[in-house]
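Below are the chains, spelled out letter by letter.
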Amino acid sequence: MTKIVKHSVKPNVSVPFRKTDDMTAPIQSALDGTVPVAPLANSRRQSEDYETWLADVWPKFIDAAATGRTFTCYEIVDAHKLPDPPNPQAHWGRLMTLLRDEGYIRTAGWACSDRPTVHHSGVRTWKGTAAARREAVA
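Residues numbered from 1 in each chain as written. Predicted model: local features only at pLDDT ≥ 70, side-chain atom pairs only at ≥ 80, totals over all residues. Heavy atoms only, no water.

Student: I would appreciate a short explanation of the overall build of the chain in the present structure.
Tutor: Scanning the chain from N- to C-terminus turns up four helices and three strands. Sequence-ordered secondary structure for the chain, helices as α and strands as β, is α-β-α-α-β-β-α. The contacts of the chain with a sequence gap of at least 6 include a subset with a gap of at least 24, amounting to 60%. In the form shown here, the chain has an accessible surface area of approximately 10600 Å², with 55% of it arising from carbon and sulfur atoms. (Helix = DSSP H or I, 4+ residues; strand = E, 2+ residues; numbered from the N terminus. Contact = heavy atoms within 4.5 Å. Areas by Shrake-Rupley, 256 points an atom, 1.4 Å probe, with all protein chains shown as cover.)

Student: Can you walk me through the layout of surface pockets in this structure?
Tutor: Unoccupied space between atoms shows up once a probe the size of one water molecule is rolled over them. A volume near 320 Å³ is recorded for the largest pocket. If you go around the largest pocket, you meet 15 residues; those closest to its centre are C73, Y74, W92, R115 and V123. Listed by contribution, the elements that provide at least two residues to the lining of the largest pocket are α2 (73-80), α3 (88-101) and β3 (122-128). For the lining of the largest pocket, the class distribution of residues is eight nonpolar, four polar and three charged. (1 Å grid on protein atoms, 1.4 Å probe; cavity = no way out; pocket = protein on both sides within 12 Å on 5 of 7 lines; lining within 4 Å. Points joined across faces, edges and corners; volume = space filled by probe spheres on them. Nonpolar A, V, L, I, M, F, W, Y, C, P; charged D, E, K, R; others polar.)

Student: What am I meant to see in the side chain of T72 here?
Tutor: Within the fold, T72 resides in the loop between β1 (70-71) and α2. Each residue touching T72, except ones within four places of it in the same chain, is listed here: V123, R124 and T125.

Student: In this structure, what is going on with the environment of T129? I would like to understand it.
Tutor: With respect to the helices and strands, the residue T129 is situated in the loop between β3 and α4 (130-137). With 62 residues separating them along the chain, T129 and T67 place their C-alpha atoms 9.2 Å apart. With sequence-adjacent residues up to four places away left out, T129 is seen in contact with A65, G103, Y104, I105 and R106.

Student: What am I meant to see in helix α1 (residues 50-66) here?
Tutor: An α-helical segment advances 3.6 residues per turn. Residues three or four places apart therefore align on the same side. For α1, spanning 17 residues, the distance from its first C-alpha to its last is 24 Å, which sits close to the expected 24 Å at 1.5 Å a residue. Along its length, α1 shows its largest kink, about 30°, at V57, and proline P59 lies within four residues downstream of that point. Where α1 is buried, its residues contact β1, α2, α3, β2 (105-112), β3 and α4. Once α1 ends, the next one or two residues include G68, with phi positive near 80°. (Expected span 1.5 Å × (residues − 1). Bend = angle between axes of the 7 residues up to and from the residue.)

Student: So what exactly am I meant to see when it comes to the packing of aromatic side chains here?
Tutor: Each pair of aromatic rings is reported with the distance of its centres and the angle of its planes. Taken as a whole, this structure holds four aromatic pairs when the rule is applied. Ring centres of W53 and W92 lie 5.0 Å apart, and the angle between their planes is 80°; this geometry places the pair in the edge-to-face category. Of this pair, W53 sits in helix α1 while W92 sits in helix α3, and the two are 39 residues apart along the sequence. Given a relative accessible area of 0%, W53 falls into the buried group. Ring pairs connect the aromatic residues Y50, W53, F61 and W92, which therefore count as one cluster. (Phe/Tyr/Trp six-rings, centres within 6.5 Å; stacked < 30°, edge-to-face > 60°. Buried < 20%, exposed > 50% of the residue type's maximum accessible area, 1.4 Å probe, protein only.)

Student: I would appreciate a short explanation of the sheet that holds β3 in the present structure.
Tutor: The strand order across the open sheet built from three strands is β1-β3-β2, with neighbouring strands paired in antiparallel fashion. With one partner strand each, in any of the chains shown, β1 and β2 form the two edges of the open sheet. As defined by bridge partners, β1 adjoins β3 across two bridges and the pair is classed as antiparallel. Counted as the bridge partner of T70 is K127 from β3. (Pairing = 2+ DSSP bridges.)

Student: Sorry if this is basic, but what is going on with the environment of D78 here?
Tutor: Summarising the element assignment, D78 is placed in helix α2. Look at D78 and you get partly exposed, because its relative accessible area is 35%. Considering only alpha carbons, one finds D78 and D114, 36 residues apart in sequence, at a separation of 9.5 Å.

Have a look at this one:
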C-alpha cells in the first residue's frame with residue numbers, strides 16, 4: 001500500500017516594505033547604472049487666483065477666436081504656454097463657457113486631444129464668431 005503525502009502549501013503572505021538606509025534616492029537607477037530623468041507631471045506654472053489667470057488667458061483665446069479657424073482649448077494653451085488656473089479640472093471648461101456665453105466662440109464639433117496626458121480622448125472643438133473678429137480689430 002502506497003501512502004499519499006500532501007505537500008503543504010505556504011500561504012502567500014506579503015511582507016511589509018521596510019525602507020533601509022541605503023535607499024535614499026527617490027528614483028531607482030536602471031540596470032546599466034543610469035538614472036532616468038523624472039518627467040514633470042505639469043511643467044506649466046499655476047496661477048494663484050482665478051481673476052489674474054483669467055486676465056492672462058482671455059486675450060489669447062479672443063485672438064484665436066478672431067482667426068476663424070477651428071481649435072481646441074489645449075492647442076491655444078500649448079501654443080502660448082499659458083499658465084494653469086487654480087483649479088484646472090473646472091476652470092478651463094468655465095473659461096470656454098464664458099467665451100461661448102459672451103458670443104466669442106461657438107461649438108464646432110469634436111476631435112482627439114493632443115494633450116499628452118489624456119491618451120487622445122475626445123474633446124470639444126471651437127470656432128470664433130464675428131463678435132470675436134470685431135473684438136480683435138477694436
